[in-house]
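Remarks on the overall topology
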Amino acid sequence: MKEFDYLCREFEEMSPLHYGALLAEKSVKVLPALHAIMEDGIDGVTVFATFILGAIAADGKLSEEEYALVYPMLHLFFGDQVNYEFCKSAVRLMKPESRELKRCVKDMVDVFGALSEELKDDIVVICLMICAVDGKVSRKEKSWIKKLIG
């Protein structure tokens, strides 16, 4: 548990420039790997977007820092209709206590079981970065990530 708290602090203190570089590096590895293992009409982009949206919604609010960090990915996934207000509305629909977020977490945990340890670690790092970008990984965000990793 101390390792997890240390990792949270490390990401809370990371510079925005380092955030962007690390997020891009991890995303370039994760997206093709998810795409390669997905079946039943679900593609890697959809699964990855679910992880991203889950990380954003974990504390029930969307900070401008979170939005700025993930905007390029969200735009890539969802196109021009994505803006800050759209994302805030989506986060409100996925409050931590909502059935929708609980269903998403269950689905993500199921997907997690089929992944390599390295890919799991990369996804956790991406989610943790999104949660920490506003300078604080909240108790709700920590709880969400712990559910994800089991």
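As a starting point, this report considers the structure included with it. (Residues numbered from 1 in each chain as written. Predicted model: local features only at pLDDT ≥ 70, side-chain atom pairs only at ≥ 80, totals over all residues. Heavy atoms only, no water.)

A look at the nonpolar core
Ranked by internal contacts, the top residues of the largest apolar core, which has 46 residues, are Phe11, Leu34, Ile52 and Ile123. Elements supplying a minimum of two residues to this core: helix H1 (2–12), helix H2 (16–37), helix H3 (44–57), helix H4 (64–78), helix H5 (84–93), helix H6 (99–112), helix H7 (117–132) and helix H8 (139–149). At eleven residues, the largest contribution of residues to this core is made by H7. Other than its neighbours up to four places away in sequence, Ile123 contacts Val30, Leu34, Phe51, Phe112 and Leu115. (Core = buried A, V, L, I, M, F, W, Y, C linked by side-chain atoms within 4.5 Å. Buried < 20%, exposed > 50% of the residue type's maximum accessible area, 1.4 Å probe, protein only. Helix = DSSP H or I, 4+ residues; strand = E, 2+ residues; numbered from the N terminus. Contact = heavy atoms within 4.5 Å.)

Section: the side chain of Ser27
If you trace the backbone, Ser27 turns up in helix H2. What makes Ser27 buried here is its relative accessible area of 12%. When sequence neighbours within four positions are dropped, the list of residues in contact with Ser27 reads Pro32, Phe48, Met73 and Ile126.

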